[in-house]
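# What the coordinates show
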Amino acid sequence: LLPKKKLLIKEEIRTKKPNNKKMDTNKDENTTYSAKNTFKYEDIIDFESELKNDDDYKMVFENKEKKLKMFHKTEGEGSEGIKKRHKFYGYIDEDIDLVYATMRDSKFRTTWDTRALANILEEVIETANPVCGIQTMRKLGQYVVSNREFLSMTTSIQVPLNLKFEDGDAAHSYYFLTKSIDDLDDKYPPHADFVRGFIHYFKLKIEPARVKKGFTKATTKFSGVIAIDMAGWVPTYAYNWGVTYLPQEYQENIMKGCAARKEDNRTAEEWIKQDPLLNIMPVEELKKFRAAKRKMKKKK
């Protein structure tokens, strides 16, 4: 990977504070967010179904030593063009809560992520269920590919697991849901130095790795499905290289971020308590989710 290049961005862009005010949908001047733009708890059921879909995906990369795999979709929805989906799996030898805090802490991300030039939480939509946020991500380009920017809707959901950790604590997983929204360019115009891409599909799960009698806190498994239109001009070879080796770069970055967080004494537990985008799955939604997963298991 090429070293990060310096890019002059106004400091206020990096440090802009999120707008945490609740939306007042009764005022015409305020932006309204439809169900199409926000997320539902059921969205992770669709994601789980895609993770279990092995028939429509072809493996294109594997690193057995690092336990990494990458697949490209070859059949069905999301198998062609700019909406083509890519699925990946891997492991990080860190506690799941530390991994979550590392991934979600936007202000800290630019200190360890080799591609992150800015990660801004623009506003929190507390009227959504689950609570969602609008975020701007600015990414460093590579080789002949220029810098990219993504304006997206995002949320996180914590899901309790049936089994416990080895020490008896209740275990849980986290889901990250992100997608671009194309009707907010006036409210959040593109930055002049970036090409604005579009995230058609980005869903990621982190979960504690399984051991014989439950889960371990020592290792976290990550699984994701993405479909991203980089927009602008991107050579085919550069795009294929990027999506193929994404899991390895992702794994290395998260491990570096976890190490930096521990060195800086940034505790995961305290940060998670204050995370405005974390939703604990309600009991009724959890029942639906577990019933859906049982059906998927029977079909297999």
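In the block above lies the structure referred to throughout.
Here is a short report on the structure shown in this document. (Residues numbered from 1 in each chain as written. Predicted model: local features only at pLDDT ≥ 70, side-chain atom pairs only at ≥ 80, totals over all residues. Heavy atoms only, no water.)

Turning next to the pairing of strand β5 (residues 132-139). Burial within β5 is extensive, with eight of its eight residues counted as buried. Where strand β4 (residues 116-125) and β5 come together, eight bridges link them in antiparallel fashion. Looking at β5, one finds that Val124 is bridged to Gly133. Following β4, the chain reverses through six residues before pairing antiparallel with β5. When β5 meets strand β6 (residues 148-164), the two strands line up antiparallel, connected through seven bridges. Looking at the pairing, Gln135 lines up with Ser152 of β6. (Buried < 20%, exposed > 50% of the residue type's maximum accessible area, 1.4 Å probe, protein only. Helix = DSSP H or I, 4+ residues; strand = E, 2+ residues; numbered from the N terminus. Pairing = 2+ DSSP bridges.)

Quick look at a positive patch on the surface now. Positive charge collects at one region of the surface, where Arg294, Lys295, Lys298 and Lys299 lie side by side. Topologically, Lys295 is positioned in helix α8 (residues 283-299). Owing to a relative accessible area of 60%, Lys295 belongs among the exposed residues under this scheme. (Patch = residues over 30% accessible without salt bridge, like charges linked within 9 Å, V, L, I, M, F, W, Y side chains within 5 Å. Areas by Shrake-Rupley, 256 points an atom, 1.4 Å probe, with all protein chains shown as cover. Salt bridge = Lys/Arg side-chain N within 4 Å of Asp/Glu carboxyl O. Lys, Arg positive; Asp, Glu negative; His and termini not counted. Charge placed at Lys NZ, Arg CZ, Asp CG, Glu CD.)

Our next topic: the packing of aromatic side chains. For any pair of aromatic rings, the description rests on two quantities: the centre-to-centre distance and the angle between the ring planes. Counted according to the given criterion, the structure contains nine aromatic pairs. Aromatic side chains Phe88 and Tyr250 sit 6.2 Å apart centroid to centroid with 55° between the ring planes, which places their arrangement in the tilted category. Residue Phe88 is found in strand β3 (residues 86-92), and its partner Tyr250 is found in helix α6 (residues 246-263); the two are separated by 162 residues along the sequence. Comparing Phe88 with Tyr250 shows no difference in burial state: the two are buried. In textbook terms, an aromatic cluster arises when at least three aromatic residues are bridged by ring pairs, as seen for Tyr100, Tyr174, Phe176 and Trp271. Here Lys67 stacks its cationic end above the ring of Tyr91, 5.7 Å away from the centre of that ring. The side chain of Lys179 reaches across the aromatic face of Phe39, ending 4.7 Å from its centre. (Phe/Tyr/Trp six-rings, centres within 6.5 Å; stacked < 30°, edge-to-face > 60°. Lys NZ or Arg CZ within 6 Å of the ring centre and 35° of its normal.)

Relative to each other, helix α3 (residues 96-104) and α6 sit at 100°, their axes nearing to 9 Å. When the axes of α3 and α6 are compared, the pair comes out roughly perpendicular. Across the interface between the two elements, Leu98, Val99, Ala101, Thr102 and Met103 of α3 pack against Tyr250, Ile254, Gly257, Cys258, Arg261 and Lys262 of α6. Across the contact of α3 with α6, the residue classes break down as seven nonpolar, two polar and two charged. (Axes fitted to C-alpha atoms, helices over the stretch in contact; angles between N-to-C directions. Parallel < 35°, antiparallel > 145°, perpendicular 65-115°, else oblique. Contact = heavy atoms within 4.5 Å. Nonpolar A, V, L, I, M, F, W, Y, C, P; charged D, E, K, R; others polar.)

What the rule picks out here adds up to 24 salt bridges. Between Glu48 and Lys205 there is a salt bridge whose closest N-O contact spans 2.8 Å. Here the residue Glu48 occupies a position in helix α2 (residues 43-51), and Lys205 occupies one in strand β9 (residues 198-211), the gap between them amounting to 157 residues. The shortest N-O distance in the salt bridge between Asp169 and Lys217 comes to 2.7 Å. Separated by 48 residues along the polypeptide, Asp169 in the loop between β6 and β7 (170-180) and Lys217 in strand β10 (residues 214-229) bring together distant segments of the chain. A relative accessible area of 37% means that Asp169 is categorised as partly exposed. Look at Lys217 and you get partly exposed, because its relative accessible area is 32%. A cluster of three or more residues bridged by salt bridges with shared partners is formed by Glu50, Lys73, Glu77 and Arg85.

Scope: geometric values only; no functional claims are made or implied.
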